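# Descriptive structure summary
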Amino acid sequence: MTITIYHNPRCSKSRETLALAEAIASNQQRQLIVVEYLKQPLNADALRHLWQQTGESLDAFVRTSEEEFAANSLSLTDADKVFSAMAAAPKLMQRPVVVVDGRAVICRPPEKIHSLFAEAV
């Protein structure tokens, strides 16, 4: 069983989430996979799949305040265009995103990582 984090080391929230993920992986003896998505960009299909795993709205997954969003004349009503732009400009993806057992969470705040491990009642 693995924990995957889509990580930007320049982001403080991402660094905080990585520290939490490392501790959880160690405690639960899980493999931790760190994907620096700015160096290893995801393609549009992988981005769409990751977004679907979060169950969030598209506006929660996309950093609409980034210059590239406006420069590409993007609209959240055209998901195909958004995912294509995100593949070309990966900093448009909200971060960090953590995936465990097919479920993903945008860890803003970093403590949201714990929701991936909460036991069902």
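Above this text sits the structure in question.
What comes next is a walk through the structure.

About the thresholds
- Residues numbered from 1 in each chain as written.
- Predicted model: local features only at pLDDT ≥ 70, side-chain atom pairs only at ≥ 80, totals over all residues.
- Heavy atoms only, no water.
- Phe/Tyr/Trp six-rings, centres within 6.5 Å; stacked < 30°, edge-to-face > 60°.
- Helix = DSSP H or I, 4+ residues; strand = E, 2+ residues; numbered from the N terminus.
- Buried < 20%, exposed > 50% of the residue type's maximum accessible area, 1.4 Å probe, protein only.
- Contact = heavy atoms within 4.5 Å.
- Expected span 1.5 Å × (residues − 1).
- Arc of directions from axis to C-beta.
- Pairing = 2+ DSSP bridges.
- Axes fitted to C-alpha atoms, helices over the stretch in contact; angles between N-to-C directions.
- Parallel < 35°, antiparallel > 145°, perpendicular 65-115°, else oblique.
- Left-handed = near helix turned anticlockwise from the far one by under 90°.
- Nonpolar A, V, L, I, M, F, W, Y, C, P; charged D, E, K, R; others polar.

## Observations concerning the packing of aromatic side chains
Overall, the coordinates contain one aromatic pair when judged by the stated rule. Geometrically, the ring pair formed by W51 and F83 is tilted, given 5.6 Å between the ring centres and 45° between the ring planes. In this pair, W51 is assigned in helix α2 (residues 44–54) and F83 in helix α5 (residues 79–88), connecting sequence segments 32 residues apart. Owing to a relative accessible area of 17%, W51 belongs among the buried residues under this scheme. The class of F83 is buried, set by a relative accessible area of 1%.

## Here we look at the side chain of S14
You can see S14 is positioned in helix α1 (residues 12–28). We classify S14 as buried; its relative accessible area is 0%. Beyond its immediate sequence surroundings of up to four residues, S14 is in contact with I5, Y6, H7, N8 and P96.

## Here's the deal with α1
Along its 17 residues, α1 runs 24 Å from first to last C-alpha, staying within 8% of the 24 Å computed at 1.5 Å per residue. Where α1 is concerned, the buried positions are S14, T17, L18, A21, I24 and A25. Along α1, the residues classed as buried sweep out an arc of 130° about the axis, all on the same side. For α1, the exposed residues set more than 90 degrees away from the buried face come down to S26 and N27. Along its buried surface, α1 packs onto β1 (2–7), β2 (31–36) and β3 (97–100). Positive phi appears at Q29, one or two residues downstream of α1, with a value of about 50°.

## Comments concerning the sheet that holds β2
Taken together, four strands build an open sheet; the order of strands is β2-β1-β3-β4 and the sheet is mixed. Strand pairing shows two members of the sheet lacking a second neighbour, β2 and β4 (103–106), which therefore form its edges. Strand-to-strand, the axes of this sheet are offset by a mean angle of 20°, without reference to chain direction. Of the strand pairs in this sheet, β1 and β2 are connected by six bridges, and their pairing is parallel. Within β2, the residue paired with T2 across the bridge is Q31. The strands that α1 touches are β1, β2 and β3; relative to β1, the one it contacts most, it runs at about 170°.

## Re the packing of α2 against α5
At a minimum axis separation of 8 Å, α2 and α5 run at an interaxial angle of 115°. By the criterion of interaxial angle, the relationship of α2 to α5 is roughly perpendicular. Note that α2 runs across α5; the crossing there is right-handed. Residues A44, L47, R48 and W51 of α2 touch α5, and the partners they reach there are A79, D80, F83, S84, M86 and A87. Taken together, the residues of the contact of α2 with α5 break down into seven nonpolar, one polar and two charged.

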